[in-house]
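# Observations on the three-dimensional arrangement
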Amino acid sequence: MQLLRLTMPTPQHDLALDEALLETAERGAGTSEMLRFWQAQTTFIVLGRSGKIDSEIDRSAAERDAVPILRRSSGGGTVVAAPGCLFYSLLLSLNARPHLRMIDHAHQFVMEQLVAALQPIEPQLTFRGTCDLVLGDRKLSGNSLRVRRNYLLYHGTLLLGMDLSLISKYLKHPPREPDYRGGREHHAFVANLNATAEDVQRNLQIQWQATDERSEIPVALVEQLAAEKYACDQWTFQR
């Protein structure tokens, strides 16, 4: 598996890079599986593909503080990212792993790998709901996926020292929640993992056997997607 450690100049470009890597693999160019890491450098909000802005985000607060609102190409709920939030992305071959074509199996498989990688850091770590990494009943990672014909993009967040008050500041109570949340407000539901980004990346790299360092990316496609999609109000504010 290839390893890519790369944070782009803007979060719009980071979202674009995830999609560009998936599209490039799907076209048969650069077809190795991949693990990518990137980190939030500023505060921003990311909706899932079907997320509805007015029911999930305090838009007036975001606009007042000039916090960008973005939309990713995968599903899942809305997240707030800020320094202390580590993102990971997995590009997995559906030809090599045909069982991952079943969404439930994909979630379970990736979550089990994440738990196995991170339990040496936090032995009580497990996963609950569809794809939440939790410590007890506190969520510290949210995840989502996008499936194409030959490849699966699975990506998510890991909270490692982020200012968690930002979540309550910019997000409304979600329209859907896992049973274990029990109606709790954001501040009573989320937590940071007591670990460094370096330790987490190392453990995930070992777990996924990502030993082939990669540096090249599909620059032209990233720029096109960033300009025409991820920085475009028509895409972001479609719902």
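All figures in this text were calculated on a predicted structure; none of them were measured in a lab.

Criteria and thresholds
Residues numbered from 1 in each chain as written. Predicted model: local features only at pLDDT ≥ 70, side-chain atom pairs only at ≥ 80, totals over all residues. Heavy atoms only, no water. Helix = DSSP H or I, 4+ residues; strand = E, 2+ residues; numbered from the N terminus. Rg over C-alpha atoms; globule rule 2.2 N^0.38 Å. Buried < 20%, exposed > 50% of the residue type's maximum accessible area, 1.4 Å probe, protein only. Contact = heavy atoms within 4.5 Å. Areas by Shrake-Rupley, 256 points an atom, 1.4 Å probe, with all protein chains shown as cover. Lys, Arg positive; Asp, Glu negative; His and termini not counted. Charge placed at Lys NZ, Arg CZ, Asp CG, Glu CD. Disulfide = S-S within 2.5 Å. Core = buried A, V, L, I, M, F, W, Y, C linked by side-chain atoms within 4.5 Å. 1 Å grid on protein atoms, 1.4 Å probe; cavity = no way out; pocket = protein on both sides within 12 Å on 5 of 7 lines; lining within 4 Å. Points joined across faces, edges and corners; volume = space filled by probe spheres on them. Axes fitted to C-alpha atoms, helices over the stretch in contact; angles between N-to-C directions. Parallel < 35°, antiparallel > 145°, perpendicular 65-115°, else oblique. Left-handed = near helix turned anticlockwise from the far one by under 90°. Nonpolar A, V, L, I, M, F, W, Y, C, P; charged D, E, K, R; others polar. Expected span 1.5 Å × (residues − 1). Polar contact = N/O pair within 3.5 Å; in protein donor to acceptor, adjacent residues only side chain to side chain. Pairing = 2+ DSSP bridges.

Of the regular secondary structure elements, the chain holds eight helices and twelve strands. A globule of 239 residues ought to have a C-alpha radius of gyration of about 18 Å, and the chain, at 17 Å, matches this closely. Once the C-alpha set of the chain is aligned to its principal axes, its extents read approximately 45 × 45 × 30 Å. Counting over 239 residues, the chain shows a buried share of 53%. Pairs at least 24 residues apart make up 74% of the contacts formed inside the chain by residues separated by at least 6 positions. Looking at the chain as shown, the accessible area adds up to about 10700 Å², and 48% of this sits on carbon and sulfur atoms. Taking the average place of the 26 positive charges on the side chains of the chain and the average place of its 28 negative ones, the gap between the two points comes to 4 Å.

Let's shift gears to the state of the cysteines. In the structure shown here, the tally under the stated rule is zero disulfides. You can see C85 has no disulfide; the closest cysteine sulfur is in C131, sitting 15 Å from it.

Moving on to the nonpolar core. In this structure, F44, I45 and Y170 are the most contacted members of the largest nonpolar core, which totals 48 residues. Here the element with the most residues in this core is helix α1 (residues 11-26); it accounts for seven residues. The next biggest cluster of nonpolar side chains, apart from the first, holds 33 residues, and it includes L3, L35, A195 and L204.

Unoccupied space between atoms shows up once a probe the size of one water molecule is rolled over them. Enumeration according to the criterion identifies one cavity of 30 Å³ or more in this entry. Put simply, the largest cavity is a space of about 50 Å³. In terms of lining residues, the largest cavity is bounded by D18, L21, M34, R36, S89, L90, L91 and L153. Broken down by element, the residue count for the lining of the largest cavity peaks at three residues, all from strand β6 (residues 85-93).

Taken N-terminus to C-terminus, the directions of helix α4 (residues 103-118) and helix α6 (residues 197-207) make an angle of 125°; their axes are 9 Å apart at the nearest point. By the criterion of interaxial angle, the relationship of α4 to α6 is oblique. Seen along the crossing, α4 lies across α6 with a hand that is right-handed. Residue-level contacts link Q113, L114, A116, A117 and L118 of α4 to V200, N203, L204 and Q207 of α6. Taken together, the residues of the contact of α4 with α6 sort by class into six nonpolar, three polar and no charged.

Turning to the layout of surface pockets, a few remarks are in order. If you add up the space inside the largest pocket, you get close to 1100 Å³. Contributing to the lining of the largest pocket are 50 residues, with G76, G77, T78, V79 and K139 lying nearest its centre. Residue assignment for the lining of the largest pocket shows that the elements contributing at least two residues are α1, α2 (53-56), β5 (79-81), β6, β9 (138-141), β10 (143-147) and β11 (151-159). Here the residues of the lining of the largest pocket sort into 20 nonpolar, 19 polar and eleven charged.

Under the 1.5 Å per step criterion, the end-to-end length of α4 is 23 Å for 16 residues, consistent within 8% with the ideal 22 Å. All of the buried residues in α4 are A106, H107, F109, V110, M111, Q113, L114, V115, A117 and L118. Check the buried side of α4 and you find it contacts β6, β7 (125-128), β8 (132-135), β10, β11 and α6.

What follows covers the side chain of H186. Looking at the secondary structure, you find H186 in the loop between α5 (165-170) and α6. Judged by relative accessible area, which is 7%, H186 ranks as buried. Among the polar contacts listed, one links the side chain of H186 to the backbone oxygen of K172, at a separation of 3.0 Å. With sequence-adjacent residues up to four places away left out, H186 is seen in contact with I167, S168, L171, K172, H173, P174 and R181.

Here the focus is the sheet that holds β5. Pairing in this open sheet of three strands is mixed, and the strands run β4-β3-β5 from one edge to the other. The two strands at the open ends of the sheet, each matched to only one other strand, are β4 (69-71) and β5. Recorded for the sheet is a direction-independent mean angle of 30° between the axes of neighbouring strands. Both strand β3 (residues 44-47) and β5 contribute to a ladder of three bridges, which runs antiparallel. In the sheet register, F44 faces β5, and the bridge partner there is A81. Contacting β3 and β4, α1 runs over the sheet at an angle of about 5° to β4.

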